[in-house]
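Secondary and tertiary structure notes
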Amino acid sequence: MPKRILFVFTSVDKTLTGAQTGWYLPEAAHPYYILAPKYDIDFAAPKGANPPVDESSVQNFKDDVKFLEDPTVKEKLANAKKLSEVKASDYDAIFYVGGHGPVIDLAVDPVNIQLASEFFRAGKVTSAVCHGPAALVGATDANGDSIFKNRSATSFSDLEETQVGKVKDVPFLVESRIKELGGRYEKAKEPWQAHVVRDGNLITGQNPASAVGIGEAIDKALSETA
């Protein structure tokens with residue numbers, strides 16, 4: 001039996017300023033094609049089927065449009081489960097796709113916070129890339145502390161958010177929130193470079209360039225256990 005991974009997407013299609021948003025194409029496509037040959041992957045989102053893709057990511061990453069055209073992926077997106085229908089016990093890992101959406105819905109969704117906490121407390125791979133770590137800011141360990149407290153992690157940096165002019169589109173900056181929660185925040189030497197951090201079963205990637213690396217890190221972590 002192959003191990004099972006849950007990919008979680010945002011259901012939000014508008015930022016706080018009304019700009020179109022959603023999940024970020026390469027941050028799903030790159031890890032998916034690394035992991036799909038070896039693992040069973042299900043898709044889920046707070047509202048279930050057909051989570052919205054960030055249209056700018058489709059324009060900026062034309063090589064990854066094949067993901068949206070892939071018949072298997074199309075079926076998985078069309079049949080994405082509602083988070084309320086998902087059990088952590090059915091999976092070996094959870095992965096949160098980025099995009100500005102997760103900062104708005106997943107960060108405060110009580111169902112998601114419970115689910116992420118269950119994965120982490122069970123010692124299962126708990127992973128996210130770019131804005132995806134925003135989905136973990138409410139998750140807690142067995143002591144009731146933030147899963148970021150005293151752990152190393154990364155996410156989309158405050159500088160990168162400023163450079164894309166999206167600070168007002170989100171309710172909080174992910175780097176700042178990780179630090180507020182007691183996390184040891186790390187980032188690449190220069191903005192937009194790949195950076196992946198693993199601390200036990202917590203695996204995070206900084207930005208779109210980190211999407212391949214986080215897929216590889218998830219594979220490595222799952223390959224270490226029987």
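So, how was this worked out
Residues numbered from 1 in each chain as written. Predicted model: local features only at pLDDT ≥ 70, side-chain atom pairs only at ≥ 80, totals over all residues. Heavy atoms only, no water. Core = buried A, V, L, I, M, F, W, Y, C linked by side-chain atoms within 4.5 Å. Buried < 20%, exposed > 50% of the residue type's maximum accessible area, 1.4 Å probe, protein only. Helix = DSSP H or I, 4+ residues; strand = E, 2+ residues; numbered from the N terminus. Axes fitted to C-alpha atoms, helices over the stretch in contact; angles between N-to-C directions. Left-handed = near helix turned anticlockwise from the far one by under 90°. Contact = heavy atoms within 4.5 Å. Nonpolar A, V, L, I, M, F, W, Y, C, P; charged D, E, K, R; others polar. Pairing = 2+ DSSP bridges. Salt bridge = Lys/Arg side-chain N within 4 Å of Asp/Glu carboxyl O.

**Remarks on the nonpolar core**
- Among the nonpolar cores identified, the biggest contains 32 residues, and Ile5, Phe7, Phe9, Trp23, Phe43, Phe67 and Ile218 are the most heavily contacted of them.
- Mapped onto this core, the elements with two or more residues apiece are β1 (4-8), α1 (25-35), β2 (40-45), α4 (71-78), β4 (93-96), β5 (125-129) and α9 (211-223).

**Looking at the packing of α1 against α9**
- It is at 8 Å that the axes of α1 and α9 come closest, and there the two elements cross at 35°. Here α1 runs over α9; the crossing is right-handed. Where α1 abuts α9, its residues Pro26, Glu27, His30, Pro31, Ile34 and Leu35 lie against Ala211, Val212, Ile214, Gly215, Glu216, Ile218 and Asp219.
- In terms of residue class, the contact of α1 with α9 is built from eight nonpolar, two polar and three charged.

**A short note on the sheet that holds strand β8 (residues 196-199)**
- Across the sheet, seven strands lie side by side as β3-β2-β1-β4-β5-β9-β8; this open sheet has mixed pairing. The strands lining the two open edges of the sheet, one partner per strand, are β3 (81-82) and β8.
- Here β2 runs beside β3; their pairing, made up of two bridges, is parallel. Each residue of the ladder has a partner; that of Ala45, found in β3, is Lys82.
- Sitting on the sheet, helix α6 (residues 110-121) touches β1, β4, β5 and β9 (202-205), and the angle it makes with β4 is about 135°.

**Thoughts on the pattern of salt bridges**
- For the structure on display, the rule yields 10 salt bridges.
- For Lys220, the salt bridge is made with Glu224, and the minimal N-O distance between the two is 3.3 Å.
- Judged by its relative accessible area of 52%, Lys220 is exposed.
- Glu224 gets classed as partly exposed once you look at its relative accessible area, which sits at 46%.
- Where salt bridges share partners, they join Arg198, Lys220 and Glu224 into one cluster.

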